[in-house]
Amino acid sequence: MTRFLKNIILFVIALVLLPLSVANRHGVNISLNPFDPQDPRLTITDVPLFWVIFCAILAGIAIGGLGAWAKQGKWRREARVKRSEADKWHREADQLRAVVADQAATSSPALPAPAKDSRAA
């Protein structure tokens, strides 16, 4: 079901992006020098406008993702500490089970049979 839903969402995105790229395919100049826009050394010429739009969208997604990742660092650190603490307690419990099993095996090799209930008929 999730794969189907993902494919539907990607199809809708493609339906939006395809006309956008066809309508904005004319070339634009990108100047990287704000003080002298005519400087040929820092100008990228004839870049299709839809590439500029797509790159701006991807840059926004990447910056937003990095911001969210950085904001959640506290919770990831806490989860890491809790996971290591849980692993420590699991190891200790396994060691105690092994000690109890060894003591039970060495102290009484045969367990006494349970007493029969006289009321059960």
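Criteria and thresholds
- Residues numbered from 1 in each chain as written.
- Predicted model: local features only at pLDDT ≥ 70, side-chain atom pairs only at ≥ 80, totals over all residues.
- Heavy atoms only, no water.
- Helix = DSSP H or I, 4+ residues; strand = E, 2+ residues; numbered from the N terminus.
- Buried < 20%, exposed > 50% of the residue type's maximum accessible area, 1.4 Å probe, protein only.
- Contact = heavy atoms within 4.5 Å.
- Salt bridge = Lys/Arg side-chain N within 4 Å of Asp/Glu carboxyl O.
- Phe/Tyr/Trp six-rings, centres within 6.5 Å; stacked < 30°, edge-to-face > 60°.

A. A look at the overall build of the protein chain. The helix and strand inventory of the protein chain stands at 3 helices and 2 strands. Helices and strands in the protein chain line up, N terminus first, as α-β-β-α-α. Here the protein chain holds 121 residues, and 7% of them are scored as buried. Relative to all contacts within the protein chain whose residues are 6 or more apart in sequence, the contacts with residues 24 or more apart total 29%.

B. The pattern of salt bridges, seen in detail. By the definition in use, this model includes 2 salt bridges. The partner of arginine 41 in a salt bridge is aspartate 39, and the shortest N-O contact between them spans 3.3 Å. On the basis of relative accessible area, arginine 41 is assigned to the exposed category, the value being 73%. Judged by relative accessible area, which is 8%, aspartate 39 ranks as buried. The closest approach of N and O atoms between arginine 97 and aspartate 94, which form a salt bridge, is 2.9 Å. Of this pair, arginine 97 and aspartate 94 are both found in helix α3 (residues 73-107), 3 residues apart, which corresponds to roughly one turn of the helix. Judged by relative accessible area, which is 56%, arginine 97 ranks as exposed.

C. How the structure looks around the packing of aromatic side chains. The tally for this structure, following the rule as stated, stands at 3 aromatic pairs. Centre to centre, the rings of phenylalanine 50 and tryptophan 51 are 5.3 Å apart; their planes meet at 35°, and the pair counts as tilted. Take phenylalanine 50: its relative accessible area is 16%, and that puts it in the buried class. On the accessibility criterion, tryptophan 51 (47% relative accessible area) is partly exposed. With 5.7 Å between their ring centres and 70° between their planes, phenylalanine 50 and phenylalanine 54 make a pair best called edge-to-face. Taken together, the residues span about one helical turn, with phenylalanine 50 and phenylalanine 54 both in helix α2 (residues 49-71) at a distance of 4 residues.

Geometric descriptors of this kind do not, in isolation, establish any biological role.
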